[in-house]
Amino acid sequence: MNKKDIKLKNLLDNEVLCRNNECELTLERPDPLFIAKRHNDEYISLICALFAYGKASLIIKFLDSLDFSLLDKDEDSIRKAFEGFYYRFQSSKDIQEFFIALSRLKKQTSLNELFIEKYKINNDICEGIDNIICKINEINPYTSQGYKFLLGSNFKRDKQNNIKQIGNAAYKRWFMYLRWMVRKDNLDMGLWQGVSSKDLLMPLDTHTFNVSNKIGLIERKTCDLYASYLLTSKLKEFDSEDPIKYDFALYRIGQENII
């Protein structure tokens, strides 16, 4: 490791140490994990993660307005409760159908089990995510532009049916969800079993992507799946077993304009 990398590692390690406490998650310092940790539930956490786009304070406001107990109620109750609800690109219908899909799925299995089903083949988290997306679409074959944006598309593949790094979006919200579910510290919940933190990929949003380029962790113009692979590979030089521990620190550095 060269002097520049040692300096970067020390900076990030210090940020991780300082940020790894629940004081980082407040209404004054909004993050969707703040709402997810109230409930400590894999299905509710997925809702919090997938709606986590836009201004952080508005995300928290919207999530705080949702009645998550509807996941355990009948579908007519779900439809009635979300009449008039919307969030940015998602209409009332989108929100209703999303809750209905998760409600149906919750009665059948856990998201952890669905993920493991495909992840365990090659320890590929993208395959695990892809399986969950497939199951949600199968159990409730509803579609709209807003719904596709919320859930995400299935991963693009090459001719050998392998998930391609090039051409796929960054899947930031899904990778963030996995961080919450797999890692366990003062921030992340660690609700899942059977998934190694060393297989996680960095959730890339604008803040993290820009900061990572600025401080020289990566050199890439496009915020996509390949950029996430590149950044994760670099951070594995700092911690091969838990590279994603740097995610929250990088996010806050960008959000707070520290660098």
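In the block above lies the structure referred to throughout.
Heads up: these notes are all about the structure in this document. Nothing here was measured: the structure is a model prediction, and the numbers come from that model. (Residues numbered from 1 in each chain as written. Predicted model: local features only at pLDDT ≥ 70, side-chain atom pairs only at ≥ 80, totals over all residues. Heavy atoms only, no water.)

## Overview of the overall build of the protein
Keep this limit in mind: The helix and strand labels rest on DSSP assignments: H or I over at least four residues marks a helix, E over at least two residues marks a strand, and numbering proceeds from the N terminus. Only C-alpha atoms enter the radius of gyration; for comparison, a globular chain is expected to reach 2.2 Å times N to the power 0.38, where N is the number of residues. Accessibility here uses a 1.4 Å probe with only protein chains present; expressed as a share of the type maximum, an area under 20% marks a residue as buried, one over 50% as exposed, and anything in between as partly exposed. In this analysis, two residues are considered to be in contact whenever any of their non-hydrogen atoms come within 4.5 Å of each other. The Shrake-Rupley method, run with a 1.4 Å probe, gives the accessible areas here. Residue values count only the displayed protein chains as cover.
A tally of regular secondary structure across the protein gives 13 helices and zero strands. Counting from the amino terminus, the protein carries its helices and strands in the arrangement α-α-α-α-α-α-α-α-α-α-α-α-α. Here the protein has a C-alpha radius of gyration of 18 Å; the compact-globule value for 259 residues is 18 Å, and the two agree. For the protein, the spread of C-alpha atoms along the principal axes amounts to about 60 × 50 × 30 Å. Evaluated residue by residue, the protein yields a buried proportion of 53% over its 259 residues. Taking all contacts inside the protein whose residues are at least 6 apart in sequence as the whole, residues at least 24 apart take part in 66%. For the protein, the exposed surface amounts to about 12200 Å²; the carbon and sulfur share of it is 49%.

## Focus on the packing of helix 8 (residues 125-139) against helix 10 (residues 172-182)
Worth spelling out the cut-off: Here the axes come from fitting lines to C-alpha atoms, over the contacting stretch only for helices, and the angles between their N-to-C directions go from 0 to 180 degrees. Angle categories: roughly parallel below 35 degrees, roughly antiparallel above 145, roughly perpendicular from 65 to 115, and oblique for all the rest. Throughout, the ten residues Ala, Val, Leu, Ile, Met, Phe, Trp, Tyr, Cys and Pro are labelled nonpolar, Asp, Glu, Lys and Arg are labelled charged, and all others, Gly among them, are labelled polar.
Orientation of helix 8 relative to helix 10, taken along the N-to-C sense of each, is 105°, at an axis distance of 11 Å. For the element pair helix 8 / helix 10, the angle class is roughly perpendicular. Residue-level contacts link I125, C126, I129, I132 and I133 of helix 8 to W174, F175 and L178 of helix 10. Along the lines of polarity and charge, the residues of the contact of helix 8 with helix 10 split into eight nonpolar, no polar and no charged.

## Concerning helix 8
As a reminder, the rule being used: Expected helix span is taken as 1.5 Å per residue step, with the number of steps being one fewer than the number of residues. Contacts described as polar in this section are N or O atom pairs within 3.5 Å, which, within protein, must combine one atom able to donate a hydrogen with one able to accept it, while residues neighboring in sequence count only if both atoms come from side chains.
Taking 1.5 Å per residue, 15 residues should reach 21 Å; helix 8 reaches 21 Å between its end C-alpha atoms and fits that length. Burial within helix 8 is extensive, with 11 of its 15 residues counted as buried. Those residues of helix 8 lying buried are I125, C126, E127, G128, I129, D130, N131, I132, I133, I136 and I139. Those residues of helix 8 that are buried are in contact with helix 3 (42-50), helix 6 (92-106), helix 7 (111-122), helix 9 (145-151), helix 10 and helix 12 (225-236). Between the side-chain oxygen at the start of helix 8 and the backbone nitrogen of C126 there is a gap of 2.9 Å, and the oxygen is on D124.

Coordinates in, geometry out; function isn't part of it.
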